[in-house]
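Spelled out, the chains give:
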Amino acid sequence: MTDQERVMKDVLAFTERNEEEQMFNKVKSYINKIKRQRDALKAELKKYESDEKITELENEIEDIKANSLFIFSEDEKKEEIKFKKDHRKCDSNIYYYFEGTEIGIAVGMKCSQCGLIKDITDYSRW
Ligand SMILES: [Zn+2]
């Protein structure tokens, strides 16, 4: 091996090491970026895990369920909200009943804990 060949070999080895190091650094910074994104998502998730947010979403789901079943009038809606509020302390299921008659549909609610039944029908719609 001539001196020139030896120098060339050293230069090539040096370049290769440098490239490996650069590649390694790129991968490292990519992993760090992913980690930062993960931490940000974790923080975001925590927000959604707060009780307040869950209650809000549960109420929304309940509203959607109730409304898809029966279209409440404004007054019925008010009565429905009041009933749910009054029985929040019962912490139980609320049942709805619908009674079809010749002139309209009566709607009522029942609390499965204390057993209270309330007719919330808005008869002004009949
Ligand atoms: Zn109750």
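Look up a bit, the structure's there.
Conventions and cut-offs
Residues numbered from 1 in each chain as written. Predicted model: local features only at pLDDT ≥ 70, side-chain atom pairs only at ≥ 80, totals over all residues. Heavy atoms only, no water. Donors = N, O, S within 2.8 Å, 3.2 Å for Na, K, Ca; no water. Tetrahedral: all angles 85-135°; square planar, octahedral: opposite > 155°, others 65-115°. Helix = DSSP H or I, 4+ residues; strand = E, 2+ residues; numbered from the N terminus. Buried < 20%, exposed > 50% of the residue type's maximum accessible area, 1.4 Å probe, protein only. Pairing = 2+ DSSP bridges. Patch = residues over 30% accessible without salt bridge, like charges linked within 9 Å, V, L, I, M, F, W, Y side chains within 5 Å. Areas by Shrake-Rupley, 256 points an atom, 1.4 Å probe, with all protein chains shown as cover. Salt bridge = Lys/Arg side-chain N within 4 Å of Asp/Glu carboxyl O.

**A few points about the coordination of the zinc ion**
The protein atoms that coordinate the zinc ion are H87 (ND1), C90 (SG), C111 (SG) and C114 (SG), at distances of 2.0 to 2.4 Å. Coordination geometry of the zinc ion: the 4 donor atoms subtend angles of 101 to 117° at the metal centre, consistent with an arrangement described as tetrahedral. Counting gaps between the donor residues of the zinc ion yields the pattern H-x2-C-x20-C-x2-C. You can see C90 sitting in the loop between α3 (74–86) and β1 (94–100) and its partner C111 sitting in strand β2 (residues 105–111), a full 21 residues away along the chain. Exposure class is identical for C90 and C111. Each is buried.

**Observations concerning the pairing of β1**
Here 7 bridges tie β1 to β2, and the two strands are oriented antiparallel to one another. Opposite Y97, over in β2, you have G108 as the bridge partner. What sits between the antiparallel neighbours β1 and β2 is a turn of 4 residues.

**Points about a nonpolar patch on the surface**
Residues V27, Y30, I31 and I34 make up a contiguous nonpolar surface patch of about 370 Å² in total accessible area. Along the chain, Y30 falls in helix α1 (residues 3–49).

**A short note on the pairing of β2**
Counting buried positions along β2 gives 5 out of 7 residues, so the element sits mostly inside the fold. In terms of strand pairing, β2 meets strand β3 (residues 117–119) through 3 bridges, oriented antiparallel. Bridge pairing in β3 links G108 to D119.

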